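The lines below spell out each chain.
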There are 2 protein chains.
Amino acid sequence: MPARIQEGEQRGWIVPIGGAEARHDRARILKRFVELCGAGDADIVVIPTASRLADTGESYEHVFSDLGAARVTTLDFDTRRDTSEPNRLERLREASGIFFTGGNQLRIATTIGGTPIAKLVRERNARGVPVGGTSAGASILSDHMIVSGKEGGSPTADSVRLAPGLGLTNRCVIDQHFRQRDRLGRLLAALAYNPFAVGIGLDEDTAAFIRPDNVLEVEGSGAVTVVDAGDLQFSSMAQAGEGEPVSMLGLKVHILVAGATFNLDTRRASAGSLAESKGVH
Amino acid sequence: MPARIQEGEQRGWIVPIGGAEARHDRARILKRFVELCGAGDADIVVIPTASRLADTGESYEHVFSDLGAARVTTLDFDTRRDTSEPNRLERLREASGIFFTGGNQLRIATTIGGTPIAKLVRERNARGVPVGGTSAGASILSDHMIVSGKEGGSPTADSVRLAPGLGLTNRCVIDQHFRQRDRLGRLLAALAYNPFAVGIGLDEDTAAFIRPDNVLEVEGSGAVTVVDAGDLQFSSMAQAGEGEPVSMLGLKVHILVAGATFNLDTRRASAGSLAESKGVH
């Protein structure tokens, strides 16, 4: 559950990225993330716990520094005990931005879930600090997280596995590498269980910049597929046997590219400045 | 996510029951639920949407009336459209207690999830109305809900399937028919994904009466198994392959019987009046 927002304050941006984002010449997404964190004053903590590779944190240190951040520090957590170390908590408390790398979302959930670090990430976000993540680091941001699933466009009764994430928002369920790995079916299956959330499918090099007012702005070279099951008339997930296809009647789907927005509260999509400049609404 | 509690108000009790509760002579659990709803003034709405049997609602109408409730009404929802009918919403708004029967928790989640009824149940609970449920009706109450899983005492990487529930509380993950169906393994697997929640395993004819202050009181003839993963040192869920056993180091487990309590905020267990009368603390 997100931490409470204090009176007179507003939540920080939440920035899930679909993986494989451009890091150098055309690093539109990471550049914008650095700007949100304070541009030349940005003080970013990178958490590479999802990754098994030793240099993941260091690699993002270089990228964020090249993009103009004043200070970038990698905070890795090998064990749950690491998450209560006072100096690491202190370092996280100073940060003006927090970034989760890719890897395996269960490495983050099993190592950080329920620890002082998880709580502090939620608290800092509630006090205005932007929190972003790519690939596994995107999935972990929401309350209900997709862990794994089957490829393909149609939902089946066993096509997705869910687990609790870090819980910065419960408005959406996030999936990544979306069209590259053909994941519509598993995102639909997640909504077939309980249609309350909005499904967000992020293509590679594409991000949903979720503003403090819960309007999502699309950035990057691909598309964001938004699935709104709010008016769903029927889901057969309760009746479907293991492996059987699931019916879902009345889904709304939006495919959004850079400049388009979607309001997670009112569930209205807009083509944004792109359409306005062409006279489309 | 639970609805916000207004200033000067407190949340209503949340009462998950492990299934197969006594309904007549020794109906300790249901009797206490009626008392919480106002005893002789109780006005209870029974939601039998989990069940496929036509007489489930009627059967609980008789039981609650026999236990002294002033008014009992069954509100069933066959389709998602049913959940926005003004007269049903109005009836639910009047109730001093809401009860979900057993059956299949996905029938509730797929039919009611994300609808005005789901929202109203959370709002009424936030304003003091007790919400109870048995078996599937118990599972549905929490934010992260166990849908299905494998029998057995040990967690494996595929031994549990989770989905979003109604979200009255996110402090715990609830399982039912607990020792009767040998479900410790699947409850542990749910916590192995993300150890933030407390696992609550309810035996049949046993209930956790969760007070407005998040202290859980055990009632009934069986036990409540509380699994606290808050100090977990390690979970191997991120590394385990499909079907492989999962390691979890540092779990705390309490087996609690009637009269015992567990504080979901401080995570302290107490044997309660039972132990006090014997001088045990």
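Refer to the structure presented above.
Source: prediction; values computed, not measured. (Residues numbered from 1 in each chain as written. Chains lettered and ligands numbered in written order. Predicted model: local features only at pLDDT ≥ 70, side-chain atom pairs only at ≥ 80, totals over all residues.)

**Q** Break down the pairing of strand E9 (residues 198-202) of chain A for me, with residues and values.
**A** Sheet faces and side chains relate simply in a regular strand, where the side chains alternate between the two faces. Residue and element names in this part refer to chain A. Buried residues dominate E9, accounting for five of its five residues. Alternating positions in E9 separate into two faces, Val 198, Ile 200 and Leu 202 on one and Gly 199 and Gly 201 on the other, with burial throughout. With four bridges joining them, strand E8 (residues 172-175) and E9 adopt parallel strand pairing. Residue pairing for E9: Asp 175 is matched across the bridge by Gly 201. (Buried ≥ 20, exposed ≤ 12 C-beta atoms within 10 Å, placed from the backbone. Helix = DSSP H or I, 4+ residues; strand = E, 2+ residues; numbered from the N terminus. Pairing = 2+ DSSP bridges.)

**Q** Give me the relation of the copies chain A and chain B: which residues, what numbers.
**A** Superposing chain A onto chain B takes a rotation of 180° combined with a translation of 0.0 Å along the rotation axis, leaving an RMSD of 0.0 Å. In short, the pair behaves as if placed about a two-fold rotation axis. For chain A, the smallest separation between a C-alpha atom and the rotation axis is recorded for Leu 162 of chain A, amounting to 2.8 Å. The fraction of interface residues of chain A whose copies in chain B are also interface residues reaches 97%, indicating that both copies meet through the same surface. (Least-squares fit on C-alpha atoms with pLDDT ≥ 70 in both. Contact = placed C-beta atoms within 7 Å.)

**Q** Describe the sheet that holds strand E9 (residues 198-202) of chain B, naming the residues involved and giving the relevant values.
**A** All names here are of chain B. Taken in spatial order, the four strands line up as E8-E9-E12-E15 in an open sheet, and their pairing is mixed. The open sheet has two free edges, formed respectively by strand E8 (172-175) and strand E15 (252-257), since each of these has just one partner strand. In this sheet, neighbouring strand axes are inclined to one another by 20° on average, regardless of whether the strands run parallel or antiparallel. Pairing geometry for strand E12 (residues 223-228) and E15, over six bridges, is antiparallel. Bridge pairing links Asp 228 to Lys 252 in E15. (Axes fitted to C-alpha atoms, helices over the stretch in contact; angles between N-to-C directions.)

**Q** How would you explain the packing of helix H3 (residues 86-94) of chain B against helix H5 (residues 116-126) of chain B if you had to name every residue and give the values?
**A** Residue and element names in this part refer to chain B. For the pair H3 and H5, the least separation of the axes is 10 Å and the interaxial angle reads 10°. Relative to H5, the element H3 lies roughly parallel. In the crossing of H3 with H5, the sense of the turn from one axis to the other is right-handed. The residues of H5 that touch H3, namely those facing Leu 89, Leu 92 and Arg 93, are Pro 116, Ile 117 and Leu 120. Looking at the contact of H3 with H5 residue by residue, the classes come out as five nonpolar, no polar and one charged. (Parallel < 35°, antiparallel > 145°, perpendicular 65-115°, else oblique. Left-handed = near helix turned anticlockwise from the far one by under 90°. Nonpolar A, V, L, I, M, F, W, Y, C, P; charged D, E, K, R; others polar.)

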